[in-house]
Amino acid sequence: MTESDPGSHDAATLETAPTRYIEGGGIRFAYRRLGPSTGTPLVLLQHFSGNIDAWDPAVVNVLAADRPVIAFDNAGVGRSTGQTPDNIGAMARDAVAFINLLGLSQVDLLGFSLGGCVAQQIAAEHGTLVRKLILVGTAPKGGEEHLLAVLQDAFSQTEAPDVRLPLFFTKSSASQSAGLAFLKRAKVRKEDRDTDNGGAVTDPQAKALITWCATPDPEHTILRAIHQPALVVSGNHDTMLPADNAYAMFKALSSAQLILYPDSSHGALFQYHELFVSHVRTFLEA
């Protein structure tokens, strides 16, 4: 194991924290660590096509005010080396390898979209590693997804300043306004920004997400193997991974809470960032 540590992270924000690196098993993982040095770390598992700088500083920075928060690029994503897997199981193994390289014996997980599928796999297989689980805008194995159709529609809206505006937010003026504010926050960092690796990441990730949802799991084997407390969150009008998925997960998990945000789509956690952070903090501290 080798690690590159540019300095202290306690006072850092997502916009200012240096990108750190740790290497093991042939993969050099890029990550940023924020918040205090003590407490159960909250590890963030990112959405399809996203990297460290795709997270919302208004979510990450506030969560890091009183707990360690770690945002990282899984294998092949952003500045991490290796090859992006085309299945959730391998993504989960790579994420666990990263957590182990950091020497962490227990973590909380926040998985968004594709990251939520990875989080489910990790929690099911590593009961002692994961203390609590937050699943946002995601789907269970065998769940409903409309990834390609939603992407095609979003990219056809050429007037949008960023494809995430139609992808993550509804067409209402309130949601669109929140989306523009999110995009502004996410672009504050100008130096040492993470990299977009294009199809080398998105092609295998799309296959992984579509296969996960296309693989029937009528007995909810993955979900019923998760015994940790879980917070399930969704926008009520998520077109990519519909809110029916959230309700299905809530019913199958043994210890789950469910939150649906109004007039919101896939990026509900960014649209309602203050409320979301409040709900997450209450859940993690309970």
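All of these numbers come straight from a predicted model, not from anything done at the bench. (Residues numbered from 1 in each chain as written. Predicted model: local features only at pLDDT ≥ 70, side-chain atom pairs only at ≥ 80, totals over all residues. Heavy atoms only, no water.)

### Remarks on the overall build of the protein
- Broken down by element type, the protein carries 11 helices and nine strands.
- Its C-alpha atoms give the protein a radius of gyration of 17 Å, within 12% of the compact-globule value 19 Å for 286 residues.
- In terms of overall dimensions, the protein has a C-alpha envelope of 45 × 45 × 40 Å along the principal axes.
- Of the contacts formed within the protein by residues at least 6 apart in sequence, a portion of 72% connects residues at least 24 apart.
- Charge separation in the protein, taken as the distance between the mean sites of 22 positive and 30 negative side-chain charges, equals 3 Å. (Helix = DSSP H or I, 4+ residues; strand = E, 2+ residues; numbered from the N terminus. Rg over C-alpha atoms; globule rule 2.2 N^0.38 Å. Contact = heavy atoms within 4.5 Å. Lys, Arg positive; Asp, Glu negative; His and termini not counted. Charge placed at Lys NZ, Arg CZ, Asp CG, Glu CD.)

### So, the environment of glycine 89
- Counting through the fold element by element, glycine 89 comes out in helix H2 (residues 88-101).
- The sequence separation of glycine 89 and serine 156 amounts to 67 residues, and the corresponding C-alpha distance is 32 Å.

### Thoughts on unusual backbone geometry
- Positive phi, normally seen in glycine, also occurs at serine 49, with a value near 75°.
- By relative accessible area, serine 49 is classed as partly exposed at 36%. (Buried < 20%, exposed > 50% of the residue type's maximum accessible area, 1.4 Å probe, protein only.)

### Points about the pattern of salt bridges
- Per the stated rule, a full pass over the model turns up 11 salt bridges.
- Across the pair arginine 67 and aspartate 66 runs a salt bridge, and its minimum N-O distance is 3.7 Å.
- A relative accessible area of 8% places arginine 67 in the buried class.
- A residue is classified by how much of its surface remains accessible, and aspartate 66, at 35% relative accessible area, is partly exposed.
- Connected through salt bridges with shared partners, the residues Asp66, Arg67, Arg281 and Glu285 form a single ionic network. (Salt bridge = Lys/Arg side-chain N within 4 Å of Asp/Glu carboxyl O.)

### Describing the layout of surface pockets
- Of the volumes computed, that of the largest pocket is approximately 570 Å³.
- In terms of lining, the largest pocket is formed by 28 residues, of which the most central are His47, Ser49, Val163, Arg164 and Asp196.
- Mapped onto the lining of the largest pocket, the elements with two or more residues apiece are helix H4 (147-156), helix H5 (164-168) and helix H7 (199-214).
- By residue number, the principal contributor to the lining of the largest pocket is H7, which donates four residues.
- The residue inventory of the lining of the largest pocket, partitioned by class, reads 10 nonpolar, 10 polar and eight charged. (1 Å grid on protein atoms, 1.4 Å probe; cavity = no way out; pocket = protein on both sides within 12 Å on 5 of 7 lines; lining within 4 Å. Points joined across faces, edges and corners; volume = space filled by probe spheres on them. Nonpolar A, V, L, I, M, F, W, Y, C, P; charged D, E, K, R; others polar.)

### Observations concerning the packing of helix H3 (residues 114-125) against H7
- Relative to each other, H3 and H7 sit at 60°, their axes nearing to 10 Å. Judged by the angle between their axes, H3 and H7 are oblique. Between H3 and H7 lies a crossing whose hand is left-handed. For the pair formed by H3 and H7, the contact residues are Leu114, Cys117, Gln120 and Gln121 on the first element and Gln205, Leu209 and Trp212 on the second.
- Class assignment of the residues belonging to the contact of H3 with H7 gives a composition of four nonpolar, three polar and no charged. (Axes fitted to C-alpha atoms, helices over the stretch in contact; angles between N-to-C directions. Parallel < 35°, antiparallel > 145°, perpendicular 65-115°, else oblique. Left-handed = near helix turned anticlockwise from the far one by under 90°.)

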